[in-house]
Amino acid sequence: ITFRSVEKEDIDMIFSLLQQLTEIDYSSRNKDNCWDRFTSNNSSNSIVGLYKNKVVAYGSVVIENKIRGEIAGHIEDIVVDKDMRGKNIGVNLINELIKIAQKKECYRVTLLCNESLANFYYKNGFKINGIAMKKFIK
């Protein structure tokens, strides 16, 4: 597996891979507009994992500049292709994102996950800290 920054040519494979996290009807979305909005956001640092020229992993660390001067990272959209799981790709993906956060001088990295994944993240150095709550806005 090799990791690198996301490129526009990856978008179809990333969309397909993200369907394994949450199924969304992308058929009406203009991928050029999605790409333009994505690349205009300079706080997002997204990478892909490639195996035989196929995107098999995707993740992002969003950088937040706090009001008191600290910098925090938020890991988002971690996904490894279901056919490639159990090969430490997720561990390597998380480590690559943490390296990015370190280069950006983040003092912490947080993420939200399903309870079923808590043990995976715990084994990778994350600790449960509080309660996560979400409100989805349409």
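Note that the structure is a prediction, hence the values are computed from the model and not measured. (Residues numbered from 1 in each chain as written. Predicted model: local features only at pLDDT ≥ 70, side-chain atom pairs only at ≥ 80, totals over all residues. Heavy atoms only, no water.)

## Some points on the overall build of the chain
This is how the line gets drawn: Only DSSP runs of H or I with at least four residues qualify as helices, and only runs of E with at least two residues qualify as strands; both kinds are numbered from the N terminus onward. The quantity called the radius of gyration is restricted to C-alpha atoms. Its globule counterpart is 2.2 Å times the number of residues to the power 0.38. The criterion used for residue contact is that any of the two residues' heavy atoms lie within 4.5 Å. Areas reported as accessible are Shrake-Rupley estimates using a 1.4 Å probe. Residue values count occlusion only from the protein chains shown. Note on charges: Lys and Arg go in the positive column, Asp and Glu in the negative column, and His and the chain ends are not counted at all. Throughout, a charge is located at the NZ atom of Lys, the CZ atom of Arg, the CG atom of Asp or the CD atom of Glu.
What the chain contains, in helices and strands, is four helices and five strands. Sequence-ordered secondary structure for the chain, helices as α and strands as β, is β-α-α-β-β-β-α-β-α. For 138 residues, the compact-globule estimate of 2.2 N^0.38 gives 14 Å, and the chain sits close to it at 15 Å. With the principal axes as the frame, the chain shows a C-alpha extent of 40 × 35 × 30 Å. Restricting to contacts in the chain with at least 6 residues of sequence separation, those with at least 24 account for 58%. When the accessible surface of the chain is summed, it comes to about 9900 Å², and 48% of that surface belongs to carbon and sulfur atoms. Separation between the mean location of the 21 positive side-chain charges and that of the 17 negative ones in the chain comes to 5 Å.

## A few points about the pattern of salt bridges
Counted only if it meets this: We define a salt bridge as a side-chain nitrogen of Lys or Arg found within 4 Å of a carboxyl oxygen belonging to Asp or Glu. The buried label goes to any residue with under 20% of its type's maximum accessible area, the exposed label to any with over 50%, and the partly exposed label to all in between, with areas taken from a 1.4 Å probe on protein chains only.
As enumerated under the stated definition, the model contains seven salt bridges in all. A salt bridge links Asp-10 to Arg-4; the nearest nitrogen and oxygen atoms lie 2.7 Å apart. Under the relative-accessibility criterion, Arg-4 is labelled partly exposed at 25%. The salt bridge partner of Glu-64 is Lys-66, with a shortest N-O separation of 3.5 Å. Glu-64 gets classed as partly exposed once you look at its relative accessible area, which sits at 30%. Salt bridges sharing partners connect three or more residues here, namely Arg-4, Glu-7 and Asp-10.

## Section: the state of the cysteines
Our working definition: The term disulfide is used for any two cysteine sulfur atoms that are within 2.5 Å.
The tally for this structure, following the rule as stated, stands at zero disulfides. In this structure Cys-106 is a free cysteine whose sulfur lies 19 Å from that of Cys-113, the closest cysteine sulfur available. Residue Cys-106 is classed as buried on the basis of its relative accessible area, which comes to 17%. Judged by its relative accessible area of 37%, Cys-113 is partly exposed.

## A word on the nonpolar core
Counted only if it meets this: As used here, the term nonpolar core means buried Ala, Val, Leu, Ile, Met, Phe, Trp, Tyr and Cys residues forming a set that is joined through side-chain atoms within 4.5 Å.
If you look at the biggest cluster of nonpolar residues, it comprises 19 residues, and the most contacted ones within it are Ile-75, Ile-78 and Leu-97. If you list the elements that add at least two residues to this core, you get strand E3 (54-65), strand E4 (71-80) and helix H3 (89-103). Examining the composition of this core, we find that five residues originate from one element, H3, more than from any other. The residues contacting Leu-97, other than those within four sequence positions of it, are Asn-45, Ile-47, Gly-59, Ser-60, Val-61, Ile-75 and Ile-78. The next biggest cluster of nonpolar side chains, apart from the first, holds 13 residues, and it includes Leu-17, Leu-18, Tyr-58 and Val-79.

## Description of the pairing of strand E5 (residues 108-111)
Inclusion rule: Following DSSP output, two strands are said to pair if at least two bridges run between them.
Strand direction decides the pairing type here: E4 and E5, joined by four bridges, are parallel. Following the sheet pairing, Gly-73 is matched in E5 by Val-109.

By themselves these figures say nothing about function.
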